Amino acid sequence: MPHVSPSPAPALFLHDSQRRATVPFQPLDPAHIKVYYCGPTVYDLAHIGNLRAMLTADVLVRLLRTLYPRVTFVRNITDVDDKITARARANGEDIGALTQRTTAEFHQDLASLGVLPPDIEPRATHNIGEMQAMIARLIENGHAYAAQGHVLFSVGSFPSYGALSGRNPDELEAGARVEVAPYKKAPGDFVLWKPSDADQPGWDSPWGRGRPGWHIECSAMSHRYLGDSFDIHGGGSDLLFPHHENERAQSLCCFPHSQFANYWVHNAMLLVDGEKMSKSLGNFLTIRDVLAQAPAEALRLLLLGTHYRSTLNYTQAGLNEARKTLDRFYRALSSVPDVPATPVPQTVLAALAEDLNTPRAIAELHVLANQAMGGDREAAGALKAGGALMGLLQGDPAQWFRGESSAEEDAAIENLITERLAAKKARDFTRADALRDQLQAQGIVLEDTKDGTNWRRA
RNA sequence: GGUCCGGUGGCAGAAUGGUGAUGUAGCGGACUGCAAAUCCGCGUAUGUGGGUUCGAUUCCCGCCCGGACCUCCA
């Protein structure tokens, strides 16, 4: 019954932040989709808010790969930043050591969540030359100016400044909470290049030894790896302004006849227990904090359980529920012998094609799981295939239920189960229940079936 | 202050101008020695006040509440 016949791919709709509407996705070149995401600034462990953006990108890219023959996904590493310099100093650590270590930790964390690596992962420090070339070009074009060792982008030189984030540059000044640096011609002008002290990282440049401003790196790297126009640029909604607005301004002024990013995808923020995650509130959660108390897949399912454009409230209860949901999904998969390889079910694909509606896609997985539970092998295959599209359900069910355990542990458990079965056979239920309680105390749950007793970890 | 987003059952979370998914929790039942798992059944929701409409949860306006951004936070 489930949808194994090849069907035409559904049309992809995406919510574009700039158009402020959900619109049909029309690739620049259907033969090759190009996606750029802002990656992490590597000075500390990634938190679950960072993860949300990475997961949104992951599902988007997985979906694009099923709809189009070729996708190039670029996600940068920001390895030069004043936060990095400050942290390295605080740690008494070399900057390179800090960024390398943090990058490795980032990769490990994402890998444990099943987030596929980008095709290209450029580092800012490897692209200083490209940044300088863009800055020089912006100065030539009259869009930037040097002042007191800084180079600043002149916001007034770009009429459509503010179009992405829906801001009026004149109104920005009114509520500005930051002091305007004296070398700025206009308050909204932002730094492309800034001078470095001897103890700050720096590179020689026509404007003196210095380092790039934050925004120019993404313009330089997206241009180098994707060209002056590409399909999708994504990131957290907090990057919309000023980061993405500024990127757009730089890139369009540098390459006036380009489109830069054709679609902008922004995920909403995440709360923890209803409050903004912050170190001072004590509710700051790194990916590793969560993985210490639940399987990575449960975290993944939890984060995909809310649409990416809605605020997501992370709670322990939600994490537990995600875990129970996976129990059911894996139980459905294991209820069917030899789950067949099946195309992605249309119901799941259609949900994701509507602006990455992962909650609806997961609801469709429940429908398939219910069918699989009733013995429908095709549904089980579809469940697994649909899960794969979201990076879920690719594990071994036995592994899911039993987790990591040694052969000795397993043997000990099996022994107690055998003993209990003997007691049951002798109708010594007191003894049998005592053995079951003993296992329960170890976190082992028993399930008696016609064919014997199964066990799993609670 | 400016701009923007949201308020759906106990909880999580979709959708929609015409009887509101999916899950979880709860209740009842089947199965079980008892459980666990599974299956069957049940109930409960559109913040508030107006407007448009034959009909509004959906569109419009006010109000209340929550959240985001407003120069380097995903």
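Residues numbered from 1 in each chain as written. Chains lettered and ligands numbered in written order. Predicted model: local features only at pLDDT ≥ 70, side-chain atom pairs only at ≥ 80, totals over all residues. Heavy atoms only, no water.

Draft legend 1. Here's a closer look at the overall build of chain A. A tally of regular secondary structure across chain A gives 16 helices and 15 strands. Projecting the C-alpha coordinates of chain A onto the three principal axes gives extents of approximately 90 × 55 × 35 Å. Relative to its full complement of 458 residues, chain A shows a buried share of 49%. For chain A, the computed accessible surface area is about 20600 Å², with 51% contributed by carbon and sulfur atoms. A gap of 2 Å separates the mean positions of the 45 positive and 54 negative side-chain charges of chain A. (Helix = DSSP H or I, 4+ residues; strand = E, 2+ residues; numbered from the N terminus. Buried < 20%, exposed > 50% of the residue type's maximum accessible area, 1.4 Å probe, protein only. Areas by Shrake-Rupley, 256 points an atom, 1.4 Å probe, with all protein chains shown as cover. Lys, Arg positive; Asp, Glu negative; His and termini not counted. Charge placed at Lys NZ, Arg CZ, Asp CG, Glu CD.)

Draft legend 2. Structural detail: the nonpolar core. Core analysis: the biggest nonpolar cluster contains 81 residues, and L64 and Y314 have the highest contact counts within it. If one sorts the elements of this core by residue count, helix α1 (residues 48–67) sits on top with 12 residues. With sequence-adjacent residues up to four places away left out, Y314 is seen in contact with I48, L270, L271, V272, D273, L285, V290, L299, L302 and L319. Counting residues in hydrophobic clusters, the runner-up holds 37 residues, among them A144, W193, L239 and C254. (Core = buried A, V, L, I, M, F, W, Y, C linked by side-chain atoms within 4.5 Å. Contact = heavy atoms within 4.5 Å.)

Draft legend 3. Structural view of the state of the cysteines. Under the definition given, this model contains 0 disulfides. Between C218, a free cysteine, and C38, which holds the nearest cysteine sulfur, the sulfur-to-sulfur gap is 3.8 Å. Of all cysteine sulfurs in the structure, the one in C253 sits closest to C254, which takes part in no disulfide; the separation is 8.5 Å. Overall, the relative accessible area of 1% leaves C254 in the buried class. (Disulfide = S-S within 2.5 Å.)

Draft legend 4. Summary view of the packing of aromatic side chains. Per the stated rule, a full pass over the model turns up 9 aromatic pairs. Aromatic side chains Y36 and F230 sit 6.4 Å apart centroid to centroid with 55 degrees between the ring planes, which places their arrangement in the tilted category. On the criterion of sequence distance, the pair formed by Y36 in strand β3 (residues 33–37) and F230 in strand β9 (residues 229–236) is long-range, its members being 194 residues apart. Aromatic side chains Y37 and F73 sit 6.2 Å apart centroid to centroid with 85 degrees between the ring planes, which places their arrangement in the edge-to-face category. (Phe/Tyr/Trp six-rings, centres within 6.5 Å; stacked < 30°, edge-to-face > 60°.)

Draft legend 5. Examining the sheet that holds β9 more closely. If you trace the 4 strands from one edge of the open sheet to the other, you get β4-β3-β9-β10, paired in parallel fashion. Looking at which strands have only one partner, the edges of the open sheet turn out to be β4 (71–75) and β10 (260–267). Strand-to-strand twist in this sheet, taken as the mean axis angle between neighbours without regard to direction, amounts to 20 degrees. Two elements, β3 and β4, share 5 bridges in a ladder whose sense is parallel. Bridge pairing in β4 links Y37 to R75. Across the sheet, helix α6 (residues 214–226) is in contact with β3, β4, β9 and β10; its angle to β3 comes to roughly 160 degrees. (Pairing = 2+ DSSP bridges. Axes fitted to C-alpha atoms, helices over the stretch in contact; angles between N-to-C directions.)

Draft legend 6. Layout of the sheet that holds strand β12 (residues 275–276). With mixed pairing, the 3 strands of this open sheet are ordered in space as β12-β11-β13. Looking along the sheet, the strands with just one partner apiece sit at the ends: β12 and β13 (312–314). Summarising the sheet, strand β11 (residues 270–272) and β12 pair through 2 bridges and their orientation is antiparallel. In the strand pairing of β12, V272 is matched with E275.

Draft legend 7. Structural view of helix α7 (residues 240–254). Its 15 residues give α7 an end-to-end C-alpha distance of 20 Å, which sits within 8% of 21 Å, the value for a rise of 1.5 Å per residue. Counting buried positions over the 15 residues of α7 gives 13, a clear majority of the element. (Expected span 1.5 Å × (residues − 1).)

Draft legend 8. Layout of the UniProt feature "binding site: Zn(2+)" (unreviewed entry) in chain A. In the numbering used here, UniProt assigns the "binding site: Zn(2+)" (unreviewed entry) feature to C38, C218, H243 and E247. In summary, the annotated positions, though distributed over 210 residues, converge in three dimensions, the widest C-alpha pair being only 11.0 Å. Its place among the elements puts C218 in helix α6. Classification of C218 as buried rests on a relative accessible area of 1%. Discounting residues that sit within four places of it in the chain, C218 has contacts with Y36, C38, N76, H243 and E247. As for its placement among the helices and strands, E247 is situated in helix α7. (UniProt positions renumbered as here; feature names shortened; annotations may be inferred.)

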